[in-house]
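# A structural walkthrough
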There are 2 protein chains.
Amino acid sequence: MVSYMGETNRSGGDASQVQSVDRALSVLDLLAKHGELGVTELAAELDVHKSTAFRLVTALDRRDLVQQIGDRGKYRLGLGILRLAAATTGRLEVSHEGREVCERLANELGETVNIAIMEDDAAVNVLQEYGNASVMTRNWIGRRTPLYATSSGKVLLAFADETARKAVLESTLEPLTDNTTTDPQQLLRELDEVARRGWACTSEELEIGLTALAAPIRDGGGRVAAAVSASGPSFRLTPDSFEEVAEKLVAGAAEISSRLGYYGA
Amino acid sequence: MVSYMGETNRSGGDASQVQSVDRALSVLDLLAKHGELGVTELAAELDVHKSTAFRLVTALDRRDLVQQIGDRGKYRLGLGILRLAAATTGRLEVSHEGREVCERLANELGETVNIAIMEDDAAVNVLQEYGNASVMTRNWIGRRTPLYATSSGKVLLAFADETARKAVLESTLEPLTDNTTTDPQQLLRELDEVARRGWACTSEELEIGLTALAAPIRDGGGRVAAAVSASGPSFRLTPDSFEEVAEKLVAGAAEISSRLGYYGA
DNA sequence: CTGATTTGTTGCGTCTTGCACAACGCGAAG
DNA sequence: CTTCGCGTTGTGCAAGACGCAACAAATCAG
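Attention in this report is confined to the structure presented alongside it. In this text the structure is predicted, and so the values were computed from the model without any measurement.

## Quick notes on the overall build of chain A
- Tallying secondary structure elements over chain A gives 10 helices and eight strands in all.
- In terms of overall dimensions, chain A is globule-like: its C-alpha atoms have a radius of gyration of 20 Å, near the 18 Å expected for 265 residues.
- Based on the C-alpha atoms only, the size of chain A along its principal axes is roughly 60 × 35 × 35 Å.
- Looking at chain A as a whole, 54% of its 265 residues qualify as buried.
- Put simply, 56% of the contacts in chain A that link residues at least 6 apart link residues at least 24 apart.
- With the model as given, the accessible surface of chain A reaches about 11,900 Å², and the carbon-plus-sulfur share is 48%.
- Between the mean site of the 28 positive side-chain charges and the mean site of the 39 negative ones, chain A shows a separation of 6 Å.

This is the structure:
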C-alpha cells in the first residue's frame, strides 16, 4: 500500500527511519507550499524548537537546497533543487519532447495541461503547463495520484499490462469524492471504453469541481508510456465540450508520440 | 566567502549543522551524479556503514525524493524532486519565458544554451537546452559558478549595481585555469567592454577547452535580470565565430526581454 | 541443483549527536 | 529609549542515529 498525494505528513503515522532527515524534508515541503518561511514559523509547523529548525534549514542552505532572502531573513527553496531536478528529468524523454506541445495545448484549450507517467500504483505528473484561464490551478507535478480516479491514470491503466491492471482492480478503490469509481467491475468497463475510443475523462472523481480528460502517449516501441491531460473546473469543461477537447488532446498526444519515435498505426 | 561548484563536499571541511541531513543530501547529489546506485555503493561513497546508508535512502524514499528500481534493487532520484523544482521555478519568470528561445538558439547554434541569474557572488544557471552537437556537455543547472570567470557572470556583473560589482572586484579572484582573469583592473576593463558592446565571452577561463558567450536579458523594469549564454568546446567556438554567435544571442536575449515586458531602447 | 558470494534489510546496544533551553545581537516599531 | 520579535549560538543531557552482526534473497559458479 503506497500513500497518495504525499503532502507534509509530519509528526504522524509510522516511524521514520531518520528523524532529522524526515524533518529536513518537511522543511522543503513546507517551503514549497508556502513560498517563504522564517525559522520561527518553520519551528511552529514542525513542532520543534526554534534552534532545531534553524540547524535543519542551515544544513539545507549549505547545500543550496534553500536560500536565505536577506542577511537575517526568511528562507525559500534554493536553486540547488534545480540541479537535482535536471538529473531527474534527464531520464524522462517525454518530459523534453512533450513540453512544446503541452504549451500549445494549454494555450489553445485555456486549461492546465499535464503529462503523467505510471509509477507503481500511481499516476505522477512530470510536466505541467498553465493555461491562460484566470482560475489558478494547483501544482500537480511530482504528486502521486490514484490511477482509478484521474483521467491520466485511467489512460495509463487502460493500456497497461495485465499485472498492473489486476493489481489496481483487486485493491480497495477508496472513494475520494462521491463520484469516485469504487466498483472494480465498473472501472473495468470504463477502462475498456477508454481503450476503445482512445481517451479518458474524469469528472469530480478526484476532487469536487475538477474535471479532466486524457489521451495516451506512445514511445518508440509502441507501448503507452505516458498520458497527456487537460484539467480545469467542471463548469468550464462540460460534457458537451469533451469531444472537442479530446480531439485536440489525442492529436497532441500523437505528435508527442511521433517525436518519441512512434510511427505505428 | 561562498563556495563554488557545490559538488559533494562530503566528509571534509567545516562542521555541518546536522550530520544525518548532510549525509542524506550527499545521497541526492551522488544519485544525481551517477544515476543509479545501490545501498552498498552509497555506503562506500559516504564512508558510512551499509545500514546507515540504507536508513538514509529509505527516509528519502518515503518522501519520494528517491525511488527504488526493483523490489530489492538500486536507487535513483525520484519524482518528488520535480514537485520541489516546480515550486522553485514558479518564482523565476525568466525560466518560463526563456525556454522556447533557448531551444531555438540551441538548435541554430548547435551548442548548449543556458540562462543564468546572479545570486550573491555567483552566477547560477536556471535553464539549459542542449544543442544537437555530439559532444556531450555537462549539466550546469543549479551550480554556482564564479561571476568573474564565466560569460554569463561577466554580463551580470557588467550591468549590476555598484555594490555587487565592488564586492567582486575587491574579492580575491582565484585562478581556475591559466586563462582566468585574476587582475581586478583587467576585469574592470573587460566589464566596461561588455557593457559597451552588449555581450561577453570567456575562453578557457573557467575550464580548459570550454568557451562561452553571453548576452543580457532585461526585465520589465529595464534591469538586467539574467543572461543567456552559449557554451561549447573551444575548437568549435573560435574567435572568428564570436560576432555571429553573439549576434544571435543578443537577438534571442532581446526577444526574451520583450516577453518579460521590456520594450525600452 | 547446490554452495558461495553479494546485496538489500532488520534487531540491538552503545555512544554519538541532535535537541531543548536559554541567552545574545540585531532590527523594527511604539 | 524601551520593547518586542526575529534569527543566531553556546551548552548539557538524553534521544536517537549509527555500527555491528545476523538474516534474507537474489545472482553466479561449478
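## Comments concerning the packing of aromatic side chains
- Under the definition given, this model contains zero aromatic pairs over all chains.
- When the ring centre of Trp199(A) is taken as origin, the NZ or CZ atom of Arg197(A), which lies over that ring, is 3.8 Å away.
- One residue, Arg138(B), lies across the ring of Trp140(B), its end atom 4.7 Å from the ring centre.

## A few points about the sheet that holds strand β8 (residues 224-233) of chain A
Residue and element names in this part refer to chain A.
- Sheet architecture is open: six strands sit in the order β5-β4-β3-β8-β7-β6, paired in antiparallel fashion. A single partner strand is all that each edge strand has here, and the edge strands are β5 (144-146) and β6 (200-203). Averaged over all pairs of adjacent strands, the angle between strand axes in this sheet comes to 35°, irrespective of strand direction.
- Both strand β3 (residues 112-119) and strand β4 (residues 122-129) contribute to a ladder of seven bridges, which runs antiparallel. Residue pairing for β4: Val113 is matched across the bridge by Glu129.
- Of the strands in this sheet, β3, β4 and β8 touch helix α6 (residues 99-109), which is tilted by about 75° from β4.

## A look at the protein's contact with DNA strand C
- Inspection of the region around DNA strand C gives 24 residues, with Thr52(A), Arg55(A), Arg72(A), Thr40(B) and Phe54(B) positioned closest.
- In the interface set of DNA strand C, defined as its atoms within 4 Å of the protein, sugar plus phosphate atoms amount to 62%.
- Note that a phosphate oxygen of DNA strand C is positioned 2.2 Å from one of the side-chain N or O atoms of Thr52(A).
- Counting residues per element, the surface near DNA strand C draws most heavily on helix α3 (residues 50-62) of chain B, at four residues.

## Brief notes about the pattern of salt bridges
All names here are of chain A.
- This model, assessed by the stated rule, comprises 42 salt bridges over all chains.
- The salt bridge involving Arg76 is made with Glu36; its shortest N-O contact spans 3.9 Å. You can see Arg76 sitting in strand β2 (residues 75-77) and its partner Glu36 sitting in the loop between α1 (19-34) and α2 (39-46), a full 40 residues away along the chain.
- On the basis of relative accessibility, which here comes to 39%, the residue Glu36 falls in the partly exposed class.

## Remarks on the protein's contact with DNA strand D
- In the vicinity of DNA strand D there are 25 residues, among which Gln19(A), Thr40(A), Phe54(A), Tyr75(A) and Thr52(B) approach most closely.
- Arg72(A) is positioned such that a nitrogen or oxygen atom in its side chain is 3.2 Å from a base nitrogen of DNA strand D.
- At 2.6 Å, a side-chain N or O of Tyr75(A) approaches a phosphate oxygen of DNA strand D.
- When contributions to the surface near DNA strand D are tallied by element, the ones reaching two or more residues are α1, α2 and α3 (50-62) of chain A together with α1 (19-34) and α3 of chain B.
- Ranked by residue count, the leading element in the surface near DNA strand D is α3(A), at four residues.

## Details of the interface of chain A and chain B
- Taken together, the 54 residues of chain A in the interface contact 56 residues of chain B.
- Where chain A abuts chain B, roughly 5,100 Å² becomes buried across the two surfaces, and 58% of that area is made up of carbon and sulfur atoms.
- At the junction of chain A with chain B, the criterion picks out six salt bridges.
- With its nearest N and O atoms 3.4 Å apart, the salt bridge here joins Arg63(A) to Asp22(B).
- Run the count over chain A and chain B and you get 13 residue pairs in polar contact (both at pLDDT 80 or more).
- Contributing elements (two or more residues each) for the side of chain A that touches chain B: α1, α3, β2, α4 (80-89), α6, β3 and β4 of chain A.
- Here the side of chain A that touches chain B gets 10 residues from one element, more than from any other, and that element is α4(A).
- Of the residues assigned to the side of chain A that touches chain B, the class counts are 24 nonpolar, 14 polar and 16 charged.

## Observations concerning the sheet that holds strand β6 (residues 200-203) of chain B
All names here are of chain B.
- Across the sheet, which stays open at both edges, the six strands sit in the order β5-β4-β3-β8-β7-β6 with antiparallel pairing between neighbours. Two strands in the sheet have a free side with no partner beyond their single neighbour: β5 (144-146) and β6. When strand polarity is set aside, the average angle formed by the axes of neighbouring strands in this sheet is 35°.
- Looking at chain direction, β6 and strand β7 (residues 210-218) are connected through four bridges and run antiparallel. Counted as the bridge partner of Ala200 is Ala214 from β7.
- Against the sheet, helix α7 (residues 151-158) makes contact with β3 (112-119), β4 (122-129), β6, β7 and β8 (224-233), and its axis sits at roughly 155° relative to β8, the strand it touches most.

## Re the environment of Gly153(A)
Residue and element names in this part refer to chain A.
- Its place among the elements puts Gly153 in helix α7 (residues 151-158).
- A relative accessible area of 0% means that Gly153 is categorised as buried.
- Each C-alpha atom of the pair Gly153 and Cys201 lies 9.9 Å from the other, and the pair is 48 residues apart in sequence.
- Those residues within four positions of Gly153 in sequence are excluded, and the remaining contacts are Ala123 and Leu147.

## Thoughts on the pairing of β6(B)
- Burial of β6(B) is one-sided: the residues Ala200(B) and Thr202(B) facing one way are buried, the residues Cys201(B) and Ser203(B) facing the other way are not.
- Count of turn residues in the β6(B)/β7(B) antiparallel hairpin: six residues, of which Glu204(B) carries a positive phi of about 55°.

## Let's talk about helix α4 (residues 80-89) of chain B
- Buried residues dominate α4(B), accounting for nine of its 10 residues.
- Elements that come into contact with the buried residues of α4(B) comprise α1, β2, α4 and β4 of chain A together with β2 (75-77) and α5 (93-97) of chain B.

Calculation rules
Residues numbered from 1 in each chain as written. Chains lettered and ligands numbered in written order. Predicted model: local features only at pLDDT ≥ 70, side-chain atom pairs only at ≥ 80, totals over all residues. Heavy atoms only, no water. Helix = DSSP H or I, 4+ residues; strand = E, 2+ residues; numbered from the N terminus. Rg over C-alpha atoms; globule rule 2.2 N^0.38 Å. Buried < 20%, exposed > 50% of the residue type's maximum accessible area, 1.4 Å probe, protein only. Contact = heavy atoms within 4.5 Å. Areas by Shrake-Rupley, 256 points an atom, 1.4 Å probe, with all protein chains shown as cover. Lys, Arg positive; Asp, Glu negative; His and termini not counted. Charge placed at Lys NZ, Arg CZ, Asp CG, Glu CD. Phe/Tyr/Trp six-rings, centres within 6.5 Å; stacked < 30°, edge-to-face > 60°. Lys NZ or Arg CZ within 6 Å of the ring centre and 35° of its normal. Pairing = 2+ DSSP bridges. Axes fitted to C-alpha atoms, helices over the stretch in contact; angles between N-to-C directions. Near = heavy atom within 4 Å. Polar contact = N/O pair within 3.5 Å; in protein donor to acceptor, adjacent residues only side chain to side chain. Salt bridge = Lys/Arg side-chain N within 4 Å of Asp/Glu carboxyl O. Buried area = accessible area lost by both parts, 1.4 Å probe. Nonpolar A, V, L, I, M, F, W, Y, C, P; charged D, E, K, R; others polar.

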